[in-house]
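# Coordinate analysis (summary)
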Amino acid sequence: MSAGSVRPLRRRRTPVYLITGVDDAAMATTSLALQLSLPGAVAVRHVIDPTSGTLTRTVADLTGVLERTTIDLEHACVSCAIREDIVPTLERLAAAGRWDAVLACLPVTAESTQVCRVLSWAPAKAPHVRIAAVVAALNGATVPDDLLGEDLVAERGLATADDDDRGIAEVACAQVEYADLLCLSEPPGPEATGLLTALARPHVPLVTDLSLLDAATLDACVHQHPATEAWVGEVREGVLPALEHGAAWRLDLHSDRPFHPERFTQELATLGSGPRRSRGCFWLPTRPRDICVWDGAGGQASVGCTQQWDLGQRPFTRIVITGIDDDHAERDAIKAAFARCLVTDEELAARGWSWDDGWDGLEAWLGPIDTHA
């Protein structure tokens, strides 16, 4: 090689496994199993105390605890913790070149999306880090309650801030849907297995016996950021994979028509009711450019606007609902409520697809209508 064609050395990127969950014991058990499968790894655990506004970081490998540090956070929230300490710590441990991998136990109820997206948008913040896999650690015995129950994080003592009003199901479902690997610390029932495979991305491994977790399983769990983001995206196009035999069922409700704002408000309780997971997108004739988002779990639902439809893209409405209950009458009621929400032929003939209204009753959730759009 000539002197004028010298290439820079390629920077070594250390694989990082992000561990998420809503059960501290399940996360700790999974972290230990991972460390036994990867003896050359270092483990870091972050714990937020919203009362004192502190973040405690513990770093350990198979030789023992290497450091334990408590720092003050300006605001005791997950976003602040990720910005101020979690991502910088991952980069510091990866850059040390001392370990073969980093196992990062995120704060309980934290979602890995925040770490993965930061590293996707700004890879220079952690140039030595490669997200190898996102792991969702759950207690197999409590999966149905965790994914479809009504508990709030505050009711389980897991709030990360004073105003943390999230539901356990909302958090746990999002963690499962984003995961590259599902690990259960206790044996699951058939309902749990069916529900997990219905929500998880296709072909994501499910480990129900942590003693069988090995390096080969981990090597098969390659985090592919674009594919993961497409699976969890609010705007879901294409055919969903068929459900395997099991207790879980799915309603895939879709239409090219918008929701009527008033009827949608009236049907909110029915669409978001019961022990089910529901998510998707919809649009309104009063806000024809806005992508409106539906996100529900465990009988709680939220709506909002995140972005706008691309130019030339035909808006559509699609809400996917997953459950394991046997109440066929309620499923029929949900389908009927969805149909009632849609704008009718008569309304389209009278008013068209775009309505020039300055108010539609959804301002509390979606903000004011942009009359200049």
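Anything mentioned here points back to the structure above.
This section reports on the structure supplied with the text. If you're wondering where the values come from, they're calculated on a predicted model, not measured in any experiment. As a convention, each chain's residues are numbered from 1 in the sequence order in which they are written. A pLDDT threshold of at least 70 governs which residues receive local features in this predicted model, and a stricter bar of 80 or more applies before side-chain atom pairs are shown or counted, although totals over entire chains, interfaces and linings include all residues. Calculated side-chain values reflect all of the structure's heavy atoms, with hydrogen atoms and water omitted.

## As for the sheet that holds strand β12 (residues 300–308)
One open sheet accounts for five strands, arranged β9-β13-β10-β11-β12; its pairing is antiparallel. At either margin of the open sheet sits one strand with a lone partner, and together these are β9 (249–255) and β12. Taking each pair of neighbouring strands and ignoring which way they run, the sheet shows an average axis angle of 15°. In this description, strands pair whenever DSSP reports at least two bridges between them. Every helix listed is a DSSP run of H or I at least four residues long, and every strand listed is a run of E at least two residues long, numbered separately from the N terminus. Relative to strand β13 (residues 317–323), strand β10 (residues 276–284) runs antiparallel, the two sharing six bridges. Considered in β13, the bridge of Arg277 is made with Thr322. In the packing of helix α10 (residues 328–341) onto the sheet, contacts are made with β9, β10 and β13, and the angle to β9 comes to roughly 10°. A fitted line through C-alpha atoms serves as each axis, taken over the contacting stretch for helices, and the angle formed by two N-to-C directions is quoted from 0 to 180°. Any pair of residues with heavy atoms lying within 4.5 Å of one another is described as a contacting pair.

## Looking at empty space enclosed by the protein
Of the grid points, spaced at 1 Å and generated over the protein atoms alone, those admitting a 1.4 Å probe that cannot get out make up cavities, while open sets with protein on both sides within 12 Å along at least five of seven lines make up pockets; any residue with an atom within 4 Å of a point is treated as lining. Grid points are joined across faces, edges and corners, and a volume is the space filled by probe spheres set on the points. One pass over the structure, following the stated rule, counts two cavities of 30 Å³ or more. Approximately 90 Å³ is the volume attributed to the largest cavity. The wall of the largest cavity is formed by Glu177, Ala198, Leu199, Trp231, Arg236, Leu240, Arg250, Arg277, Arg279, Val320 and Thr322. Mapped onto the lining of the largest cavity, the elements with two or more residues apiece are α6 (190–199), β10 and β13. Three classes are used, and their members are as follows: Ala, Val, Leu, Ile, Met, Phe, Trp, Tyr, Cys and Pro are nonpolar, Asp, Glu, Lys and Arg are charged, and the others, Gly among them, are polar. Of the residues assigned to the lining of the largest cavity, the class counts are five nonpolar, one polar and five charged.

## Let's talk about the pattern of salt bridges
A side-chain nitrogen of Lys or Arg and a carboxyl oxygen of Asp or Glu constitute a salt bridge if their distance falls within 4 Å. Evaluation of the coordinates by the stated rule reveals 24 salt bridges. The partner of Asp360 in a salt bridge is Arg287, with the nearest N and O atoms 2.8 Å apart. With Asp360 in the loop between α11 (345–351) and α12 (363–366) and Arg287 in strand β11 (residues 287–297), the pair connects residues that are 73 residues apart, well separated along the chain. Buried, partly exposed and exposed residues are distinguished by accessible area as a fraction of the type maximum, computed with a 1.4 Å probe on protein chains only: under 20%, between the cut-offs, and over 50%, respectively. Its relative accessible area of 8% is what places Asp360 among the buried residues. One network of salt bridges, with partners in common, ties together Arg57, Glu67, Asp85 and Arg92.

## Structural notes on unusual backbone geometry
Even without being a glycine, Thr109 presents a positive backbone phi close to 80°. Topologically, Thr109 is positioned in the loop between β5 (101–105) and α3 (113–121).

## Section: the sheet that holds strand β1 (residues 14–20)
Read across the sheet, eight strands follow the order β4-β3-β2-β5-β1-β6-β7-β8 without closing on themselves; strand pairing throughout is mixed. Only two strands of the sheet have a single neighbouring strand rather than two, namely β4 (64–72) and β8 (206–207). Direction of pairing for strand β2 (residues 41–49) relative to strand β3 (residues 54–61): antiparallel, over a ladder of seven bridges. Note that in β3 the partner of His46 across the bridge is Arg57.

## Side note on helix α1 (residues 24–37)
How far a helix is expected to stretch is found by multiplying one less than its residue total by 1.5 Å. Taking 1.5 Å per residue as the helical rise, α1 with its 14 residues ought to reach 20 Å, and the 20 Å between its terminal C-alpha atoms agrees with that figure. Within the span of α1, buried status applies to Ala26, Met27, Thr30, Ser31, Ala33, Leu34, Gln35 and Ser37. Polar contacts here mean pairs of N or O atoms no more than 3.5 Å apart (in protein, one a potential hydrogen donor and the other a potential acceptor; neighbouring residues in sequence count only if both atoms are side-chain atoms). In this structure Asp23 caps α1, since a side-chain oxygen of it lies 3.0 Å from the backbone nitrogen of Ala25.

## Let's talk about the pairing of β9
Where burial is concerned, the two faces of β9 differ: the one with Trp249, Leu251, Leu253 and Ser255 is buried and the one with Arg250, Asp252 and His254 is not. Of the strand pairs in this sheet, β9 and β13 are connected by seven bridges, and their pairing is antiparallel. Counterpart to Asp252 in the pairing with β13 is Val320.

## So, the packing of helix α9 (residues 261–271) against α10
Following both chains from N to C, one finds α9 and α10 inclined at 165°, their axes separated by 9 Å at the closest point. When the interaxial angle is binned, α9 and α10 end up roughly antiparallel. Viewed along their axes, α9 and α10 form a crossing whose handedness is left-handed. From α9, Arg263, Phe264, Glu267, Thr270 and Leu271 reach across to α10, where they touch Ala333, Ile334, Ala337, Phe338, Arg340 and Cys341. Its residues assigned to classes, the contact of α9 with α10 comprises seven nonpolar, one polar and three charged. Put simply, angles under 35 degrees are roughly parallel, angles over 145 are roughly antiparallel, angles from 65 to 115 are roughly perpendicular, and the rest are oblique. Here a crossing is called left-handed whenever its near helix is offset anticlockwise from the far helix by less than a right angle, and right-handed whenever the offset is clockwise.

## Structural notes on the packing of aromatic side chains
Centre distance within 6.5 Å is the pairing criterion for rings of Phe, Tyr and Trp, where only the six-membered ring of Trp is used; planes under 30 degrees apart are then read as stacked, over 60 as edge-to-face, and the remainder as tilted. Counted according to the given criterion, the structure contains seven aromatic pairs. Here Phe264 and Phe282 contribute two aromatic rings whose centre-to-centre distance is 4.7 Å and whose plane-to-plane angle is 40°, an arrangement assigned as tilted. Residue Phe264 is found in helix α9, and its partner Phe282 is found in strand β10; the two are separated by 18 residues along the sequence. Pair check on accessibility: Phe264 and Phe282 agree, each one buried. Among the aromatic residues, those joined into a ring-pair cluster are Phe259, Phe264, Phe282, Trp294 and Phe338. Above the ring of Trp353, the side-chain terminus of Arg314 is found at 5.2 Å from the ring centroid. In our convention, an over-ring charge means Lys NZ or Arg CZ found within 6 Å of a ring centre and within 35 degrees of that ring's normal.

## A look at a negative patch on the surface
Patch membership requires more than 30% relative accessible area and the absence of a salt bridge. Residues of like charge join within 9 Å; the nonpolar side chains Val, Leu, Ile, Met, Phe, Trp and Tyr join within 5 Å. Every accessible area reported is derived by Shrake-Rupley at a probe size of 1.4 Å, with residue values counting cover from the shown protein chains alone. Just so you know, the count uses Lys and Arg for positive and Asp and Glu for negative, and it drops His and the chain ends. Think of each charge as sitting on NZ of Lys, CZ of Arg, CG of Asp or CD of Glu. A contiguous patch of negative charge, built from Asp162, Asp163, Asp165 and Glu170, is present on the exposed surface. Topologically, Asp165 is positioned in the loop between α4 (143–148) and α5 (168–178). Using a relative accessible area of 58% as the deciding quantity, one classes Asp165 as exposed.

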